Amino acid sequence: MWHIIMTSKDTRLDHRIIYRIVEQNARVLDLGCGTGDLIYLLARYKNARVQGIELADEAIQQCVKKGLSVFQTDIESGLTEYPTDSFDYVILNQSMQEVKKVDYVIGESLRVGRRVIVGFPNFSYLSGRLKFFFQGTAPITPALPGRWYDTPNVRFLSILDFRNYCRVKGIEILESYHLGRKRPVVILPNLLALNAVFLLAGVTEKGG
Amino acid sequence: MKINDFVIPADSAGIVEAKTFTFAEPPGEMTLASGKKLGPITLAYETYGELNGDRSNAVLILHALSADAHAAGYHAGSDEPGWWEAMIGPGKAFDTEKYFVICSNVIGGCKGSTGPSSLNPATGDYYALDFPLITIGDMVKAQKHLIDHLGIDRLLCVAGGSMGGMQTLQWVASYPEMVRSAIPIATALKHSPQQIAFNEVVRQSIMSDVNWREGRYYETGQPEKGLALARMIGHITFMSDQSMEEKFSRRLKNEKYSFKFAPEFEVEGYLRYRGDRFVKRFDANSYLYITKALDYFDLSGGRLFRSGREIKTRFLVISFKSDWLYPSYQSQEIVRQLKIRQADATYCELKSTYGHDAFLLEVDQETELIRHFLSKTYNGYDVAYHYDV
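Reading guide: rules and limits
- Going along each chain's sequence as written, the residues are numbered from 1 onward.
- Chain labels run from A onward and ligand labels from 1 onward, assigned in the order the entries are written.
- At least 70 in pLDDT is required for a residue's local features to be given in this predicted model, at least 80 for side-chain atom pairs to be given and counted, and no such filter applies to totals for whole chains, interfaces and linings, which use all residues.
- Under the DSSP-based scheme used, a helix requires at least four consecutive residues in state H or I and a strand at least two consecutive residues in state E, with every element numbered from the N terminus.
- Here the globule rule is a power law, 2.2 Å times the number of residues to the power 0.38, and the radius of gyration is based on C-alpha atoms.
- With C-beta atoms placed from the backbone, a residue counts as buried when 20 or more other C-beta atoms lie within 10 Å of its own, as exposed when 12 or fewer do, and as partly exposed for counts between those limits.
- Residues are treated as contacting if the C-beta atoms built from their backbones sit within 7 Å of each other.
- Strands are treated as partners if at least two bridges between them are detected by DSSP.
- Look down the strands so they point away from you; if the path from the first strand over the helix to the second goes clockwise, the crossover is right-handed.
- The predictor attaches a confidence to each residue, called pLDDT, with possible values from 0 through 100.
- For this classification, Asp, Glu, Lys and Arg are treated as charged, while Ala, Val, Leu, Ile, Met, Phe, Trp, Tyr, Cys and Pro are nonpolar and the rest, including Gly, are polar.
- Put simply, a nonpolar core is buried Ala, Val, Leu, Ile, Met, Phe, Trp, Tyr and Cys residues tied into one set by C-beta atoms within 7 Å.
- Convention adopted: a line fitted to C-alpha atoms gives each axis, helices being fitted over their contacting stretch, and angles between N-to-C directions are expressed from 0 to 180 degrees.
- These descriptions rest on fixed angle ranges, namely under 35 degrees for roughly parallel, over 145 for roughly antiparallel, 65 to 115 for roughly perpendicular, and the rest for oblique.
- A clockwise turn of the near helix away from the far one marks a right-handed crossing, whereas an anticlockwise turn of less than a right angle marks a left-handed crossing.
- One less than the number of residues in a helix, times 1.5 Å, gives the span that helix is expected to have.

(A) Broad picture of the overall build of chain B. A tally of helices and strands in chain B yields 10 helices and 16 strands. Here the C-alpha atoms of chain B give a radius of gyration of 21 Å, agreeing with the 21 Å that 2.2 N^0.38 yields for 389 residues. Referenced to the eigenvectors of the C-alpha coordinate spread, the extents of chain B come out at roughly 70 × 55 × 50 Å. Across the 389 residues that make up chain B, the buried fraction comes to 49%.

(B) Spotlight on the overall build of chain A. Secondary structure assignment for chain A yields 9 helices and 7 strands. By the compact-globule yardstick of 17 Å for 208 residues, chain A fits well, its C-alpha radius of gyration being 17 Å. In terms of its C-alpha atoms, chain A occupies a principal-axis envelope of roughly 50 × 40 × 35 Å. With 208 residues in all, chain A has 47% of them scored as buried. By sequence separation, contacts in chain A at least 24 residues apart represent 59% of the contacts at least 6 residues apart.

(C) Quick look at the pairing of strand 1 (residues 27-31) of chain A. Residues and elements named next belong to chain A. With 4 of 5 residues buried, strand 1 lies mostly within the body of the structure. In this structure, strand 1 lies alongside strand 2 (residues 49-54), joined through 5 bridges in parallel fashion. Counted as the bridge partner of Asp30 is Gly52 from strand 2. Tracing the backbone out of strand 1, into helix 3 (residues 37-45) and back to the parallel element strand 2 gives a crossover that is right-handed. Sheet topology note: the strand 1/strand 4 (residues 87-93) ladder contains 3 bridges and is parallel. Directly across from Asp30, in strand 4, lies its bridge partner Ile91.

(D) Summary view of the confidence of the model for chain B. Residues and elements named next belong to chain B. Per-residue confidence for chain B averages 95 on the pLDDT scale, and 97% of its residues sit at or above 70. Confidence drops under a pLDDT of 50 for residues 384-389, and excluding neighbours within four residues, the segment shows 9 contacts in the predicted structure. Confidence metrics for the complex model read pTM 0.95 and ipTM 0.92.

(E) Inspection of the interface of chain B and chain A at higher detail. At the junction of the two partners, chain B supplies 22 residues and chain A supplies 23 residues. The set of elements that each furnish at least two residues to the side of chain B that touches chain A consists of helix 8 (328-340), strand 16 (345-350) and helix 10 (363-379) of chain B. Residue classes in the side of chain B that touches chain A are distributed as 12 nonpolar, 3 polar and 7 charged.

(F) Quick peek at the environment of B:Glu17. Its location among the elements puts B:Glu17 in the loop between strand 3 (15-16) and strand 4 (19-23). C-alpha of B:Glu17 to C-alpha of B:Leu189: the two residues are 172 residues apart in sequence and 33 Å apart in space.

(G) Representation of the pairing of strand 13 (residues 157-161) of chain B in the model. All names here are of chain B. Counting buried residues along strand 13, 5 of its 5 residues qualify, which places the element largely inside the surrounding structure. Judged from the 4 bridges that link them, strand 8 (residues 58-62) and strand 13 form a sheet pairing that is parallel. Paired with Leu62 across the two strands is Gly160, which belongs to strand 13.

(H) A look at the nonpolar core. Core analysis: the largest hydrophobic core is formed by 168 residues, its most contacted members being A:Val28, B:Val59, B:Ile61, B:Ile88 and B:Val101. Top contributing element to this core by residue count: helix 7 (residues 284-296) of chain B, with 7 residues. Excluding its chain neighbours within four sequence positions, the residues that come into contact with A:Val28 are A:Val22, A:Ile39, A:Leu42, A:Ala48, A:Arg49, A:Val50, A:Phe87, A:Asp88, A:Tyr89 and A:Ile91.

(I) Here's a closer look at unusual backbone geometry. Residue B:Pro27 is reached from B:Pro26 by a cis peptide bond, and omega for that bond is 10 degrees. Position of B:Pro27 relative to the elements: it lies in the loop between strand 4 and strand 5 (30-31). Residue A:Asn47 is not a glycine yet carries a positive backbone phi of 50 degrees. By the secondary structure assignment, A:Asn47 is in the loop between helix 3 and strand 2. For B:Ser162, which is not glycine, the phi dihedral falls at a positive 60 degrees. Mapped onto the elements, B:Ser162 comes out in the loop between strand 13 and helix 2 (163-174).

(J) Representation of the packing of helix 3 (residues 193-207) of chain B against helix 4 (residues 224-238) of chain B. Residue and element names in this part refer to chain B. Remark: helix 3 packs on helix 4, axes separated minimally by 7 Å, with the N-to-C direction vectors making an angle of 160 degrees. The angle between helix 3 and helix 4 places the two elements in the roughly antiparallel class. In this structure, helix 3 meets helix 4 at a crossing whose hand is right-handed. Residues Phe198, Val201, Val202, Ser205 and Ile206 of helix 3 form the contact with helix 4, whose participating residues are Gly226, Leu227, Leu229, Ala230, Ile233, Gly234 and Thr237.

(K) Region of interest: helix 7 of chain B. Residue and element names in this part refer to chain B. The terminal C-alpha atoms of helix 7, which comprises 13 residues, lie 19 Å apart, in line with the 18 Å expected from a rise of 1.5 Å per residue. The buried fraction of helix 7 amounts to 11 of the 13 residues, a majority that puts the element mostly inside the structure. Taken together, the buried positions of helix 7 are occupied by Ala284, Asn285, Ser286, Tyr287, Leu288, Tyr289, Ile290, Thr291, Ala293, Leu294 and Asp295. The inward-facing, buried residues of helix 7 contact helix 1 (136-149), helix 2, helix 3 and helix 4.

(L) Geometry of the environment of B:Asn120. Residues and elements named next belong to chain B. Within the secondary structure, Asn120 is located in the loop between strand 12 (100-104) and helix 1. Considered as a pair, Asn120 and Pro90 are 30 residues apart in the sequence and their alpha carbons are 40 Å apart. Discounting chain neighbours no more than four positions away, the residues touching Asn120 are Asp125, Tyr126, Tyr127 and Asp130.

(M) Up close: the packing of helix 4 of chain B against helix 6 (residues 266-279) of chain B. Residue and element names in this part refer to chain B. Relative to each other, helix 4 and helix 6 sit at 125 degrees, their axes nearing to 8 Å. Here helix 6 runs oblique to helix 4, going by the angle between their axes. Taken as a pair, helix 4 and helix 6 cross one another with a handedness that is right-handed. Taking contact as the criterion, the partners of Glu224, Leu227, Ala228, Leu229, Arg231, Met232 and His235 in helix 4 are, on helix 6, Leu271, Arg274, Gly275, Asp276, Phe278 and Val279.

(N) Highlighting the environment of B:Tyr74. Residues and elements named next belong to chain B. By the element assignment, Tyr74 lies in strand 9 (residues 74-75). For Tyr74, a count of 22 C-beta atoms within 10 Å corresponds to the buried category. The sequence separation of Tyr74 and Leu325 amounts to 251 residues, and the corresponding C-alpha distance is 30 Å.

Now the structure itself:
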């Protein structure tokens, strides 16, 4: 099954990376789980105990169709009640940049999860930089397809920005992955990666 | 199957039978939350579909304030379907081809179960106000006897809206090991002061009717005015501002204002019609007892789950955006408890303009959620094979 998922063209690269990070039987909370494709893979093939949080009606129906459990709420108010270390992994994949109280959400994720997986589009990707520099218009890249007036994003950050944030906040980065269109990016990730996935140590893991 | 000219639809549970189960014969009476004893107790119930070999497909449906055990199908000779006909039947949300669906009435009611309008075997007279006050917990305790009697150790699902949702939550609180999954709809962990206030107005309107006679009206006739008024208040709270606008707007029954206190707006006529119809089918004392049971209901503050145990029940919590009688925040309160105890749960706030009535009317949206939720509970992820990558 591992093989099928890892080689399937249909499985998104970021999903494949996250799938590889999460262990068998892990407890997983996916903030902004969308239609639940990622947690479905984890539930089905890693026997993970998954819970989604999502706001969109249609996405929730899709999750329930897949047999997934999901709470209809926004990410910002979705974490408070959970006791510390309720999950092995809290996932914020392609949803962090849509959150207004992002610092609060990351902090709460680090409390609620033993580890946190953050995935986001890289704002300083090469073609975006060129567009901004030569055309003087806001970057649009394959990972950032929205225009300034219709993008759901409210946070615009580069891979370097996120690394700096973690350093300032004392957040321990356990692993990081830089993603191109089809395969990982090895050199100059802040320039050449479309997306990044970070594995962070939660508050208790770091403290202990 | 045909009754007069009426043909029962193919997706109906068909001709169904009203059943009763009597237990708690003295001296084995059931002890109530108040400490009083009640017995013998009769519970009315109906069943649809077949119990499977390992008795693992039983679904218990619980009803709201004024409904009854007749949730689906048709009684012989009647063209009146059950109150959740749209949700229970072959191929429906609660699929009677897969599941054995039970709907149980409540004690305190007047629909075939022991209540204030029943005869008190100790006196040979109607109970009236000699009937002890009951709680939602008492209702569920009685239902537990019924489920034991049916030989079911574990229910695949317990589900209901409004007061049915409270009974659902009470089942989880009282008998967690018996409930594999729970679907509380448009309900609350506790009655709020606003809800208690409405119920008190409802009770006062019954009790201030001269025909109520301290509840001893069974020979002289119902306090019809008071009960109709009570029901009118109820119907206002079941609808939303928007659904009333859509249904009635300011339309008049006649073209011009009459400048009299006769019902001239359509909404007035509707409320009176509902009230008048209600007194023909419901006992005023039962309305008092059941509204009181609703007001006593409180599973807040960690009372939903016993401490220290892993929650094995799956949940599907549903609320409706325009429901101001049981607003979404109350369902979110349930969700908060589920998060604290890390229960496997889904919460969905459905868009609807119907107000509290939505749990009876938003059939398509509810069906989508419930059908898949039940399938997953029953079969695991195997139902979702076609989603494989």
